[in-house]
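One letter stands for each residue in the lines below.
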Amino acid sequence: MPSLEEYLSHLARQLYLDRPTKEKILQEIRSHLVESAGDFHGKGYSPEESMALAIARFGEAEKVAKMMRQVYVESANQAVLAALLPVALTMAFKWVILPFLERLGSWQGNSTPAITISLALLALLIPGLTMRRWRYGYAAWAFFSLIAIAQM
Amino acid sequence: MTDLRRGSTKVLVLSLLAQEPMYGYQIAKELERRSEGYFDFKEGTLYPLLHRMEKEGLVKGAWQVVEKGPSRKYYHITEEGERILEKSAAEWATFSQRLLKILGQETEPAST
């Protein structure tokens, strides 16, 4: 059975998350295992046996890391989708809706660039308002925006 | 643990947190104590659940410094969590009543 440090390093290697998130998760798990081992020690087990029992009750590092990854990867995927949405809307507005309105003859305004920029700025609110992990949202938004600008 | 019991962990954790803020190890111990070992699970599976619920806005975690020993992250239930708990508890009550009825072991509803 691995020691506490070995178990946590093994878990850390399997997490594949950004450093601050990983450190918070490991801190929480360390706290759990230390307290759990303390309880076993209070029942008469040696410190090594206590930590081994605490780790056994906690579960395999691979399984815990996999479940934790799923929580955070799902969230990051949602952030990317939310970030893609405003850019996709802006592009659809510029290339699909405006040309369609112009063809119908019902649109008399100037289609570029003020309207597109205003719409893009308004759409900027979407990733920030919908994503709890707003940094991912804005990072992905910036990425898709650069692609959109390059296409214009 | 069966799928049925596994599926109920979320509502059990929310119901504990509705009574008082708790940290992960405390939640694991309380679940074990109150269910007399029936809801036995690998304690490590509790943290992905707590983090998922935190992302969904059902609970909110806050670190608290402890004099002796490592800091603990206490989880508080949010208003959204209370709403989900109420809804899930009602669903589980209906489920268990219907099941007992089919099994012919219907119990009298508790008088209020």
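In this convention, every chain numbers its residues from 1, walking through the sequence in written order. Chain letters start at A and ligand numbers start at 1, both assigned in the order the entries are written. At least 70 in pLDDT is required for a residue's local features to be given in this predicted model, at least 80 for side-chain atom pairs to be given and counted, and no such filter applies to totals for whole chains, interfaces and linings, which use all residues.

Draft legend 1. Up close: helix α4 (residues 46-55) of chain B. Residues Leu-46, Tyr-47, Pro-48, Leu-50, His-51 and Met-53 of chain B constitute the buried set of α4 of chain B. Helix and strand assignments follow DSSP, with helices taken as H or I runs no shorter than four residues and strands as E runs no shorter than two, numbered in order from the N terminus. In the segment just after α4 of chain B, Gly-57 of chain B is the residue with positive phi, at about 80°. Note on burial: count the other C-beta atoms lying within 10 Å of the residue's C-beta; 20 or more is buried, 12 or fewer is exposed, in between is partly exposed, and C-beta positions come from the backbone.

Draft legend 2. Inspection of the pairing of strand β3 (residues 72-77) of chain B at higher detail. Residues and elements named next belong to chain B. Two strands are said to pair when DSSP picks up at least two bridges between them. One ladder, built from 2 bridges, connects strand β1 (residues 22-23) with β3; its direction is antiparallel. Looking at the pairing, Tyr-23 lines up with Tyr-74 of β3. Inspection of the sheet shows strand β2 (residues 59-64) paired to β3 by 6 bridges, in the antiparallel sense. Looking at the pairing, Trp-63 lines up with Lys-73 of β3.

Draft legend 3. Molecular detail of unusual backbone geometry. Residues and elements named next belong to chain A. In the Ramachandran plot, Tyr-16 falls in the positive-phi region, its phi being about 50° despite a non-glycine side chain. By secondary structure assignment, the location of Tyr-16 is in the loop between α1 (4-15) and α2 (19-42). For Tyr-16, a count of 12 C-beta atoms within 10 Å gives the class exposed.

Draft legend 4. Geometry of the packing of α2 of chain A against helix α3 (residues 47-58) of chain A. All names here are of chain A. Where α2 meets α3, the closest approach of the two axes is 8 Å, and the angle between their N-to-C directions is 125°. When the axis of α2 is compared with that of α3, the two are oblique. α2 and α3 meet at a crossing whose hand is right-handed. Across from His-32, Leu-33, Ser-36, Ala-37, Phe-40 and His-41 in α2, the residues of α3 making contact are Pro-47, Ser-50, Met-51, Leu-53, Ala-54, Ile-55, Arg-57 and Phe-58. Ten residues, namely Ala, Val, Leu, Ile, Met, Phe, Trp, Tyr, Cys and Pro, are considered nonpolar, four, namely Asp, Glu, Lys and Arg, are considered charged, and the remaining ones, Gly among them, are considered polar. In the contact of α2 with α3, the residues fall into 9 nonpolar, 4 polar and 1 charged. Axis definition: a line fit to C-alpha positions, over the contact stretch in the case of helices; interaxial angles, taken between N-to-C directions, run 0 to 180 degrees. Roughly parallel refers to an angle under 35 degrees, roughly antiparallel to one over 145, roughly perpendicular to one between 65 and 115, and oblique to any angle outside these ranges. Here a crossing is called left-handed whenever its near helix is offset anticlockwise from the far helix by less than a right angle, and right-handed whenever the offset is clockwise. Residues are defined as contacting one another if the C-beta atoms placed from their backbone atoms lie within 7 Å.

Draft legend 5. Molecular detail of the interface of chain B and chain A. Contact with chain B, which involves 16 residues of that partner, is made by 17 residues of chain A. Within the residue set of the side of chain B that touches chain A, elements represented by two or more residues are α3 (24-34), α4 and β3 of chain B. It is α4 of chain B that contributes the most residues to the side of chain B that touches chain A, 5 residues altogether. Grouping the amino acids of the side of chain B that touches chain A by side-chain chemistry returns 4 nonpolar, 6 polar and 6 charged.

Draft legend 6. The packing of α3 of chain B against α4 of chain B, seen in detail. Residue and element names in this part refer to chain B. One way to put it is that α3 packs onto α4 with a least axis distance of 10 Å and a crossing angle of 115°. Crossing of α3 against α4: the hand is right-handed. Of the residues in α4, those touching α3 at Gly-24, Ile-27 and Ala-28 are Leu-46, Tyr-47 and Leu-50. For the contact of α3 with α4, the residue count by class is 5 nonpolar, 1 polar and no charged.

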